Amino acid sequence: MTALADARPHLRPLLQRVPALRGRCRMHPRVDAAGQQVLCWARQAGLADDPKASRRLHAIDGHRMAGRVFTDSSDDKLVQFSQWLTWVVLLDDHWDERSCPTPQEIDHTYTRLLHVVDHDREPAHADPMERAFTQLWQVTSADMSPAWRGRFRAHLELNRQSTHWEIRTRRTGQFSPLADYPRHRRVASASFIFDAGEAVLGTELPASLACLPAWSDLADAANDVAVWCNDVLTLDKDEHEADLSNYVLAAQHHLGLSPAAAISWVIDRIAARTTDLRRAARALPAVYRRLDLSHGSARAASKVACAYLALPHATLEWTCEAARYRPLSSSTSQAGAWPARE
Amino acid sequence: MATDLQVLKIDRSFTYIDVDGNGVITRDDLQGLGARLLAGFGASPAGTQGRRVADSFDSLWDTIADAADLNHDSRITPDEYRSSLIASFIDGDRFEPIFRPAIDAVLAVADTDGDGLIQPEEFQLIHEAFGRSEQDSEQAFAALDLDGDGALSRGELLHAARDYYTSADPSAIGNLLFGSLPTP
């Protein structure tokens, strides 16, 4: 842990303040094989057609995030979710590499993705990202209901809005109001792929449960902790790149805090939301009773809940491990795996 | 060899895993039970306690599947389950190294304040995860709470679980772990 903590200077205070994030996640036993399949798929899909794109692809290691959340899934489902994660990160990189795409360009991209969701086929003259999205969508949505499709679509729309928000902060060079950060950051992490997670788990949340605030309390808390951990751990990189969507930088700006105090401020909020996450999960048995869910449905929903419960810890380890998040000052020559438990 | 009582208890325990009632259990069913337990107590599967539950349930499934002479992705019928548990935990010596860690892990999660005691509401959450009713839970708790102090120690529950899954004694209190048994 010492070497990694040195490379990730903000990790130690985070773990000290949030004990729930300590220790080492379980990992799917065949995660490496899944990673090879994802790379093969991405190359065949044309997502790594030049050396830069190939380096970017290899730096994602999305399978090692998926392998920590879906530790017991079948191998093909692990690959499926790893593909989704990889695609989402590539989309994020697409926006990062465009200095300031216009709102029209953003809308054009999402309109074409929504075309896939609405019509189950790729749009005309589809590019590699759109073809890959179509393939993933068709496989994932095959056995899912119209209600689930509606939720996925709605979450994809929210991701469109958060992309507009991120690009706007970049374009204007100005921080958004601090109160805006939580809701935008949690959907900027492409929370729609957790809808895909239901398909990975071979289940679908009952509509009566998915629409409840009790469920969104769980999902929102999990996403908040995950993205805020990412913001703390990638702070130096984001500051170097003037990424004003980073919650720590926003807190520093709006509250007049020193860098250390801003980190501490966000870590305090991570601790509080971790408590909220636990509380939201513990509220589920009473919700199941109120909805009169069958025992089978309650167990299936609990699998999805467990994926959300694991998300922050999995995100933390993946952020510390993946080459794409490596600190600027890192001297490590390879994307080192999470070290053995201390 | 197992007595009629032991067979009865084992057969009923099959139904506590097979809550969708499709007549077979798979690794996925046991993992679903684990998820129900963890989520109900707000325990992350990535955390220390969650990992213990998941790892011990994996070992438990492997033991059950191995003794039923199946590969690890197979479906286990009631007859296979019965034979496997008898071989492993009644005639065999696998209860301490395999079953006990799983029970310990569940009780550690359920003991939310770490005081070594399981309160009625915590016990009910465990029961719910196994598909038992509130009435079953109340009956079981009352039967197991021999000193009537309104709480069960983790040691008492571990002992009761061992009795349930292995004891041939009709008077063993642990027979009532999941509620009353049908009279023969």
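The notes below deal with the structure included here.

In terms of helices and strands, chain A carries 18 helices and 0 strands. For a compact globule of 342 residues, the expected C-alpha radius of gyration is about 20 Å, and chain A comes in at 19 Å, within 12% of that figure. C-alpha extents for chain A along the principal axes are approximately 50 × 50 × 40 Å. Within chain A, buried positions represent 56% of all 342 residues. Across chain A, the fraction of contacts at a sequence separation of at least 24, relative to all contacts at a separation of at least 6, is 73%. Surface exposure of chain A reaches about 14,300 Å², of which carbon and sulfur atoms provide 51%. With 41 positive and 41 negative side-chain charges, chain A shows a spacing of 4 Å between the two charge centroids.

Under the counting rule described, the total for this entry stands at 28 aromatic pairs over all chains. Each ring, one from Phe 95 of chain B and one from Phe 99 of chain B, has its centre 5.3 Å from the other, and the planes form 35 degrees; the classification is tilted. Of this pair, Phe 95 of chain B and Phe 99 of chain B both sit in helix H5 (residues 95-110), 4 residues apart, which is roughly one turn of that helix. The same class applies to Phe 95 of chain B as to Phe 99 of chain B, namely buried. An angle of 75 degrees between the planes, with centres 5.1 Å apart, marks the rings of Tyr 164 of chain B and Tyr 165 of chain B as edge-to-face. Assessed through its relative accessible area of 9%, Tyr 165 of chain B is described here as buried. Among the aromatic side chains, those forming a connected cluster through ring pairs are Tyr 16, Phe 89, Phe 95, Phe 99, Phe 130, Tyr 164, Tyr 165 and Phe 178 of chain B. A cation over a ring is seen here: Arg 269 of chain A above Trp 265 of chain A, with NZ or CZ 3.6 Å from the ring centre. Geometry around Tyr 164 of chain B places Lys 9 of chain B over its ring, the cationic atom sitting 5.8 Å from the centre.

Counted by the stated rule, this structure contains 43 salt bridges over all chains. The closest approach of N and O atoms between Asp 268 of chain A and Arg 17 of chain A, which form a salt bridge, is 2.9 Å. Of this pair, Asp 268 of chain A sits in helix H16 (residues 259-282) while Arg 17 of chain A sits in helix H2 (residues 11-17), and the two are 251 residues apart along the sequence. Connected through salt bridges with shared partners, the residues Arg 26 and Asp 72 of chain A together with Arg 27, Asp 55, Asp 58 and Asp 62 of chain B form a single ionic network.

A separate point is the environment of Val 38 of chain A. Residue and element names in this part refer to chain A. If you trace the backbone, Val 38 turns up in helix H3 (residues 31-44). With a relative accessible area of 4%, Val 38 lands in the buried category. Expressed as a C-alpha distance, the spacing of Val 38 and Gln 80, which sit 42 residues apart in the sequence, is 8.4 Å. In this structure Val 38 touches Val 79, Ser 82, Gln 83 and Thr 86, once residues within four positions along its chain are discounted.

Here we come to the environment of Asp 28 of chain B. Within the secondary structure, Asp 28 of chain B is located in helix H2 (residues 27-40). As a C-alpha pair, Asp 28 of chain B and Phe 123 of chain B span 95 residues in sequence and 24 Å in three-dimensional space. In terms of polar contacts, Asp 28 of chain B uses its side chain to reach the side chain of Lys 303 of chain A, at 2.5 Å.

The subject of this paragraph is the interface of chain B and chain A. Many descriptions give the size of an interface as the accessible area lost when the pieces come together. On the side of chain A, 23 residues touch chain B, which itself brings 31 residues to the contact. For the chain B and chain A pair, buried surface summed over both sides reaches about 2,300 Å², with 53% attributable to carbon and sulfur atoms. Our count for the chain B to chain A interface comes out at 4 salt bridges. Asp 28 of chain B is the salt-bridge partner of Lys 303 of chain A, the closest N and O atoms lying 2.5 Å from each other. Across the chain B-chain A interface, the total number found is 12 residue pairs in polar contact (both at pLDDT 80 or more). Elements supplying a minimum of two residues to the side of chain B that touches chain A: helix H1 (4-17), H2, helix H3 (48-67) and helix H6 (120-129) of chain B. Of the residues forming the side of chain B that touches chain A, the biggest block, 10 residues, is contributed by H2 of chain B. Its residues assigned to classes, the side of chain B that touches chain A comprises 15 nonpolar, 9 polar and 7 charged.

The rules behind the values
Residues numbered from 1 in each chain as written. Chains lettered and ligands numbered in written order. Predicted model: local features only at pLDDT ≥ 70, side-chain atom pairs only at ≥ 80, totals over all residues. Heavy atoms only, no water. Helix = DSSP H or I, 4+ residues; strand = E, 2+ residues; numbered from the N terminus. Rg over C-alpha atoms; globule rule 2.2 N^0.38 Å. Buried < 20%, exposed > 50% of the residue type's maximum accessible area, 1.4 Å probe, protein only. Contact = heavy atoms within 4.5 Å. Areas by Shrake-Rupley, 256 points an atom, 1.4 Å probe, with all protein chains shown as cover. Lys, Arg positive; Asp, Glu negative; His and termini not counted. Charge placed at Lys NZ, Arg CZ, Asp CG, Glu CD. Phe/Tyr/Trp six-rings, centres within 6.5 Å; stacked < 30°, edge-to-face > 60°. Lys NZ or Arg CZ within 6 Å of the ring centre and 35° of its normal. Salt bridge = Lys/Arg side-chain N within 4 Å of Asp/Glu carboxyl O. Polar contact = N/O pair within 3.5 Å; in protein donor to acceptor, adjacent residues only side chain to side chain. Buried area = accessible area lost by both parts, 1.4 Å probe. Nonpolar A, V, L, I, M, F, W, Y, C, P; charged D, E, K, R; others polar.

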